[in-house]
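This is what each chain is made of:
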Amino acid sequence: MPVERYEGVHLGTTPEEIEDEVERGVLLTTMDRAIGWARKQSMWPATFGLACCAIEMMATGAGQYDLSRWGMEVFRASPRQADLMIVSGRVSQKMAPALRRIYDQMADPKWVISMGVCASAGGMFTNYAVVQGVDTIVPVDVYVPGCPPKPEMLMYGILTLQKKVRTEEPFK
Amino acid sequence: MSAGRHDLPGAAYDPAGDIAESFRDPATGDFRQETMIINMGPQHPSTHGVLRLLLELDGETVIRCKPVIGYLHTGIEKNTEYRSWVQGVTYVTRADYVAPFSNELGYCMAVERLLGVEVPERAKVIRVLVCELNRITSHLVALATGGLELGASSVMLYGLREREVIMDIFEAITGLRMNHAYIRPGGVVMDLPEEAPRKLRDLIDLLPKRIDEYETLLNDNPIWRERNTGVAVLSAERCVELGVTGPPLRSAGVPLDLRKDEPYCGYETYDFDVITRTEGDAYARYRVRIDEMRESLKIVEQAFTRLADTPGPVMIDDPKVGWQARLSVGPDGIGNDPAYLAHIMEESMEALIHHFKMVTQGVEVPPGEVYVTVEAPRGELGMYVVSDGSHRPYRVHIRDPSFVNLQAVPDLIEGALIADIIPAIASIDPVMGGVDR
Amino acid sequence: MTVAELAVAVSARYPDLVLARDEATVVIQRDDLLAALAWLRDAPGVTLDTLSSVTATHWPDRDPAFWVVYELRSTALAQRLRVKVPLRDDDQHVPSVTGLFPTANWHERETYDLYGIVFDGHPDLTRILMPADWSGHPLRKDESLGGVPTWFRGATMPPIDERGMA
């Protein structure tokens, strides 16, 4: 691969280190951006609708608030084919192990949007039955508050996640 | 195409032909016939929510089925014991989240019966209006998700398209698209806004054509008929034994509709029919839902015209019961009515104290117990409410129709193929929020 | 038939009946429960043939400590009746009515799961809403709501059952 050398930016001492650095700096900046763009362009959500937020998620995927504009109308049933898990709805204690299992079955790279206050923090149900925030079980990238969040709010959360994915640097 | 040995017309395809001979068990000389025990759910695109079915399968045939529920148990009933009576509405409305107004209506009617109060006439008309609109949206969701689960994804888009029109009306009236907490003990929170009549008029003109569209698309669709006719048949006697209510019961021929048999909220003054069919299969339930949507539209139209003739308050006048806040539309949206604010902040100390006490503690309900049933879109929704005289409920039990209807699932699918499970459950249309509460 | 007339018909045999707010409630002792429900279902003029709901309430400082509540409905008369069975704290057993009303199956499982009341003769008395390995019966009054404190920046707020507000 042709490599451009930048004057005065070398931090390594041996020629191999310097070569490495420069390669990484130039080539992979472009790669980062390309990969980030490709990843966010058509993220496929896994079907993980639990409760009321699932109905709003369905409405977001339907005709009026169209998720297809961002290539995301394809809700994959199998977590192995999905890269985004939108936890929409209250997570009960009985469902929590299943949720973790689905998350583990998703292949990297994967992201989680916690939709609604019940998934983000337990919502109005601060009791024995609801997990007080799904981030106690899986790492969450974007929290979307609301009970339930309007489709526009969910779309804003998805766009925020896409911005995060686009600027994420996978090789750092 | 050359005609080989396998292309003879009429010759049955024997999967265990010569090649499979090597699979015979050397000890017994028989093929192993085992049943598989397989899990369907809780995360599954077609089980209508977090429902888990434990299936014992012989090939594709279901021998035994055990539904496992509880994956959405939220502790709603226990939570209501720690909140005031009005806050209970916000909990109860999230049980059956596709038809939130029915939950609210049942709970508020129970609290009103405990209090012994009557709501104003206009509030009753508005309650009927929003509940019937909710019935339409709920049946649309049933249709949309049922279609999607069977593979007819365009039905999903059409159903949710109509639902968006009604969601818009709900947002205009109540401020929220779902889980509204609009119906409260004593009436409803706010009167209809100015743009609501126009939107309702547009909806009443639009919906009949769209329902015709669904019927054109699905009624005689060969795939829809094949997958739904004769599937998940439940006889009338078995329905009654299992406690199944709602469209599954009416599709088996029993004309039980609580709006006619035990009228509430003035339903006896509206003109509508109870839709029944006789076959009791999934197709019959689909037809029942479509026709019920038309009947609900009739009621919506009647309620709408009645609104103009029933002016008046929408919340009961009694200061010890009615929700205190007076809301009105100001320059920046819906907010506290300035005249009411002036009254409690500037004019009357007692009014301020009373307002404060009512908002923080809420109404005090005399001790007793009631059981109020309403006809939710899924069946008979019962609210068993117990009060011990304080400002908190002592016990609220929601008898959810989906909880009882799901008991029928083993009856429906034992002996059927796996592919018949999907239309069976879609035709019962359970909402797991109500099942698990 | 009005609910008052139904109350008269039932109270002839089970006199412990209260008519309030247009609803009839009859108290039946545990040992008479199955016979009573069978009579209520089959007696002509009463025909309470559907069971709508089975649930329970817990009164920890009172005797009886539990009430098991059955909501019956008559299809022919379009009337309802509530049957209540008192249970003492040290004896939380009641016969299962699934033989008479198959619909009671899941209702009784839920009441067992949430209250700990054992329904003798139930075909499959296991937990239905809580996880299978849950210990305790959440809806009892002596079990706490089980919430966690709400975290703010630099402060927490206790869960609603511990806040000490009215």
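Scope of this entry: the structure provided in the associated data block. Computed from a predicted model, the values in this text were never measured in an experiment.

Quick look at the overall build of chain B
Here is step 1 of the chain: Along its length, chain B carries 17 helices and 10 strands.
Here is step 2 of the chain: By principal-axis analysis of the C-alpha atoms, chain B measures approximately 100 × 45 × 40 Å.
Here is step 3 of the chain: In chain B, which comprises 437 residues, the proportion classed as buried is 60%.
Here is step 4 of the chain: Sequence-distant contacts, at least 24 apart, represent 70% of the contacts inside chain B between residues at least 6 apart.
Here is step 5 of the chain: Surface summary for chain B: the accessible area is close to 17100 Å², and the carbon and sulfur share equals 54%.
Here is step 6 of the chain: Averaging the locations of the 44 positively and 66 negatively charged side chains of chain B gives two centres separated by 2 Å.

Regarding the overall build of chain A
Here is step 1 of the chain: Looking only at helices and strands, chain A has five helices and four strands in total.
Here is step 2 of the chain: The order of helices and strands in chain A, counted from the N terminus, is α-β-α-β-α-β-α-β-α.
Here is step 3 of the chain: Looking at chain A residue by residue over its 172 residues, the buried ones come to 49%.
Here is step 4 of the chain: Partitioning the intrachain contacts of chain A with sequence separation of at least 6 by distance along the chain shows that 73% fall at a separation of at least 24.

What about the interface of chain B and chain C?
Here is step 1 of the chain: In this complex, chain B contributes 47 residues to the contact, which on the side of chain C involves 45 residues.
Here is step 2 of the chain: In this assembly, chain B packs against chain C so that about 3900 Å² is buried in total across both faces, 53% of it on carbon and sulfur atoms.
Here is step 3 of the chain: Viewed at the interface, chain C and chain B are joined by nine salt bridges.
Here is step 4 of the chain: In this structure, E262(B) engages R80(C) in a salt bridge whose closest nitrogen and oxygen atoms are separated by 3.1 Å.
Here is step 5 of the chain: The greatest single-element share of the side of chain B that touches chain C, amounting to five residues, is contributed by strand β8 (residues 368-376) of chain B.
Here is step 6 of the chain: For the side of chain B that touches chain C, the class distribution of residues is 20 nonpolar, 10 polar and 17 charged.

What about the pairing of strand β2 (residues 23-27) of chain C?
Residue and element names in this part refer to chain C.
Here is step 1 of the chain: Across the five residues of β2, five count as buried, placing the element largely inside the fold.
Here is step 2 of the chain: Alternating positions in β2 separate into two faces, E23, T25 and V27 on one and A24 and V26 on the other, with burial throughout.
Here is step 3 of the chain: Here strand β1 (residues 17-20) runs beside β2; their pairing, made up of four bridges, is antiparallel. Bridge pairing links A20 to E23 in β2.
Here is step 4 of the chain: The antiparallel pairing of β1 with β2 creates a hairpin that spans two residues between the two strands, and R21 there sits at a positive phi of about 50 degrees.

Considering the pattern of salt bridges
Residue and element names in this part refer to chain B.
Here is step 1 of the chain: Scanning all chains against the criterion turns up 49 salt bridges over all chains.
Here is step 2 of the chain: Between R378 and D429 there is a salt bridge whose closest N-O contact spans 3.1 Å. With R378 in the loop between β8 and β9 (379-387) and D429 in the loop between α16 (418-428) and α17 (432-436), the pair connects residues that are 51 residues apart, well separated along the chain. Judged on exposure class, the residue R378 and its partner D429 are both buried.

So, the sheet that holds β1(C)
Residue and element names in this part refer to chain C.
Here is step 1 of the chain: The strand order across the open sheet formed by five strands is β1-β2-β5-β4-β3, and the pairing between neighbours is mixed. If you trace the sheet from one side to the other, it starts and ends with β1 and β3 (50-58), each paired once. In this sheet, neighbouring strand axes are inclined to one another by 20 degrees on average, regardless of whether the strands run parallel or antiparallel.
Here is step 2 of the chain: Here helix α2 (residues 33-42) sits on the sheet in contact with β4 (66-74) and β5 (79-87), set at roughly 175 degrees to β5.

Some thoughts on the packing of helix α4 (residues 121-150) of chain B against helix α11 (residues 282-309) of chain B
Residues and elements named next belong to chain B.
Here is step 1 of the chain: It is the contact of α4 with α11, at a shortest axis distance of 9 Å, that shows an interaxial angle of 155 degrees. As far as their axial angle goes, α11 and α4 are roughly antiparallel. Crossing handedness for the pair α4 and α11: left-handed.
Here is step 2 of the chain: Grouping the constituent residues of the contact of α4 with α11 by class yields 18 nonpolar, two polar and six charged.

Topic: the interface of chain A and chain C
Here is step 1 of the chain: Chain A puts six residues into the contact, and the matching count from chain C is 12 residues.
Here is step 2 of the chain: Looking only at chain A, the three residues that lose the most surface to chain C are K94(A), T126(A) and Y128(A), adding up to 73% of its buried area.
Here is step 3 of the chain: Across the contact surface, chain A and chain C share zero salt bridges.
Here is step 4 of the chain: In this assembly, chain A and chain C are joined by two residue pairs in polar contact (both at pLDDT 80 or more).

As for the environment of R287(B)
Residues and elements named next belong to chain B.
Here is step 1 of the chain: As for its position among the elements, R287 is in helix α11.
Here is step 2 of the chain: Overall, R287 belongs to the buried group, its relative accessible area being 18%.
Here is step 3 of the chain: Distance in space between the C-alpha atoms of R287 and D420 is 18 Å, their sequence separation being 133 residues.
Here is step 4 of the chain: Setting aside residues up to four positions removed in sequence, R287 forms contacts with E215, N219 and R277.

Observations regarding the state of the cysteines
Here a disulfide denotes one covalent bond, and it connects the sulfur atoms of two cysteines.
Residues and elements named next belong to chain B.
Here is step 1 of the chain: Throughout the structure, instances matching the rule amount to zero disulfides over all chains.
Here is step 2 of the chain: Not engaged in a disulfide, the cysteine C65 finds its nearest cysteine sulfur in C239; these two sulfurs lie 16 Å apart.
Here is step 3 of the chain: Note on C65: relative accessible area 8%, which makes it buried.
Here is step 4 of the chain: Summary of cysteine pairing: C265 is not part of a disulfide, and the nearest cysteine sulfur, belonging to C131, is at 6.8 Å.

Thresholds applied
Residues numbered from 1 in each chain as written. Chains lettered and ligands numbered in written order. Predicted model: local features only at pLDDT ≥ 70, side-chain atom pairs only at ≥ 80, totals over all residues. Heavy atoms only, no water. Helix = DSSP H or I, 4+ residues; strand = E, 2+ residues; numbered from the N terminus. Buried < 20%, exposed > 50% of the residue type's maximum accessible area, 1.4 Å probe, protein only. Contact = heavy atoms within 4.5 Å. Areas by Shrake-Rupley, 256 points an atom, 1.4 Å probe, with all protein chains shown as cover. Lys, Arg positive; Asp, Glu negative; His and termini not counted. Charge placed at Lys NZ, Arg CZ, Asp CG, Glu CD. Buried area = accessible area lost by both parts, 1.4 Å probe. Salt bridge = Lys/Arg side-chain N within 4 Å of Asp/Glu carboxyl O. Nonpolar A, V, L, I, M, F, W, Y, C, P; charged D, E, K, R; others polar. Pairing = 2+ DSSP bridges. Axes fitted to C-alpha atoms, helices over the stretch in contact; angles between N-to-C directions. Parallel < 35°, antiparallel > 145°, perpendicular 65-115°, else oblique. Left-handed = near helix turned anticlockwise from the far one by under 90°. Polar contact = N/O pair within 3.5 Å; in protein donor to acceptor, adjacent residues only side chain to side chain. Disulfide = S-S within 2.5 Å.

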